[in-house]
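Chains, contacts and geometry: an overview
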Amino acid sequence: MAAKQPLIISDKNQMRKWSSTMKSQGKTIGLVPTMGFLHEGHISLVREVHRHADVVAVSIYVNPGQFSPSEDLSTYPSDFDGDVRKLMAVPGGVDVVFHPHNLYNYGGTDTNKKSASVINNVAVLSCIEQKGIGHETWVRVENLEKGLCGKSRPIFFRGVATVVTKLFNIVEPDVAVFGKKDYQQWRIIQRMVRDLDFSIEVIGSAIIRDSDGLAMSSRNVRLSPEEREKALSINKSLLGAKSAAANGQMDCNKLRNLVIQAITEAGGRIDYAEIVDQQSLEAVESIEAPVVFCVAAWFGKVRLIDNMEIDL
Ligand code: AMP
């Protein structure tokens, strides 16, 4: 059977129209938000959303609102044509690829058109902050956004929650799938949906890893072969901590030290290594309820995140 060619929609009003047509036909809509440069981790979310919805939209948008000026927006990898080919190869394909160019354009100058393609830090951010008519409304999930990645990336989650709100309002999905790879992000979106009464089911999908254990990420292409080898210490040490816990080691400081030491000895620089409650994301001292061990570490110029649920 020929692979299904998705509709490529870049205008938010056209996107809305498509969704309302689908709804008028009684179809449920599934959405997978991504920043593109798709890999098997993203594709697993597309497979998952097919199990819950009649039609499927995948958004590809590198959201300038979640990058601070010092971060890697300008070097974030992209390959739109390759992404579309990968989506066509998924069983069932996808119905729409939403690749918005006007998400932060409110009818002023069209500088935002550039922001989606040129990807220049300053141009992008100044476009959002455009005096008088710029974007100034943010969604914040006040407590869940504070810890873990929120400590070193203080504007990250307000950018994520805001753009996901915009995507939800435009696409109006019935179901949205997020990867547990970005565990804090998934919990934040779940909480936001509950707190703001979005009528959307938010599903968390398992982390997909390469055969050597490294969690797949669009950023992995920026690792040198040596850095990639060193980065395997993240998954290895998390597995070690999980099995230590299964063998009765419930002291979170001891478990954290195992991981910090292994990653540091491998040549990584720890941003954080924390064992937190799966729901509240608050740090715990000993494992008494389901927890998730979350790690962020730098290898060269690349910051990687990974985590492991421990459900004893
Ligand atoms: P990104 O394009 O990095 O913003 O990711 C888009 C979605 O894919 C998010 O929900 C991520 O959590 C998810 N994702 C990214 N990498 C993986 C992975 N290795 N396994 C599962 N989900 C992933």
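Refer to the preceding data block for the structure.
Residues numbered from 1 in each chain as written. Predicted model: local features only at pLDDT ≥ 70, side-chain atom pairs only at ≥ 80, totals over all residues. Heavy atoms only, no water.

1. Considerations on the site of the ligand
Within the structure, the ligand sits among 17 residues, and His42, Gly179, Asp182, Ile208 and Met216 are positioned closest to it. The contact in question runs from an oxygen atom of the ligand to an N or O atom on the backbone of Met35, over 2.9 Å. Note that a nitrogen atom of the ligand is positioned 2.9 Å from one of the backbone N or O atoms of Met216. Summarising the interface, the protein chains cover 93% of the accessible area of the ligand, which totals 490 Å² for the free molecule. Secondary-structure elements contributing two or more residues to the shell around the ligand are β2 (29-34), α2 (40-50) and β5 (175-179). A total of 3 residues in the shell around the ligand trace back to one element, the largest contributor, which is α2. When its residues are assigned to classes, the shell around the ligand shows 9 nonpolar, 6 polar and 2 charged. (Near = heavy atom within 4 Å. Polar contact = N/O pair within 3.5 Å; in protein donor to acceptor, adjacent residues only side chain to side chain. Areas by Shrake-Rupley, 256 points an atom, 1.4 Å probe, with all protein chains shown as cover. Helix = DSSP H or I, 4+ residues; strand = E, 2+ residues; numbered from the N terminus. Nonpolar A, V, L, I, M, F, W, Y, C, P; charged D, E, K, R; others polar.)

2. Looking at the packing of helix α7 (residues 156-171) against helix α8 (residues 183-195)
Where α7 contacts α8, the axes come no closer than 10 Å and their chain directions differ by 55 degrees. By the criterion of interaxial angle, the relationship of α7 to α8 is oblique. Crossing of α7 over α8 shows right-handed handedness. Within the contact between the two elements, α7 uses Phe156, Phe157, Val160, Ala161, Val164, Thr165 and Phe168 and α8 uses Gln184, Gln185, Ile188, Ile189, Met192 and Val193. Taken together, the residues that form the contact of α7 with α8 break down as 10 nonpolar, 3 polar and no charged. (Axes fitted to C-alpha atoms, helices over the stretch in contact; angles between N-to-C directions. Parallel < 35°, antiparallel > 145°, perpendicular 65-115°, else oblique. Left-handed = near helix turned anticlockwise from the far one by under 90°. Contact = heavy atoms within 4.5 Å.)

Limitation: the analysis is restricted to geometry and does not speak to function.
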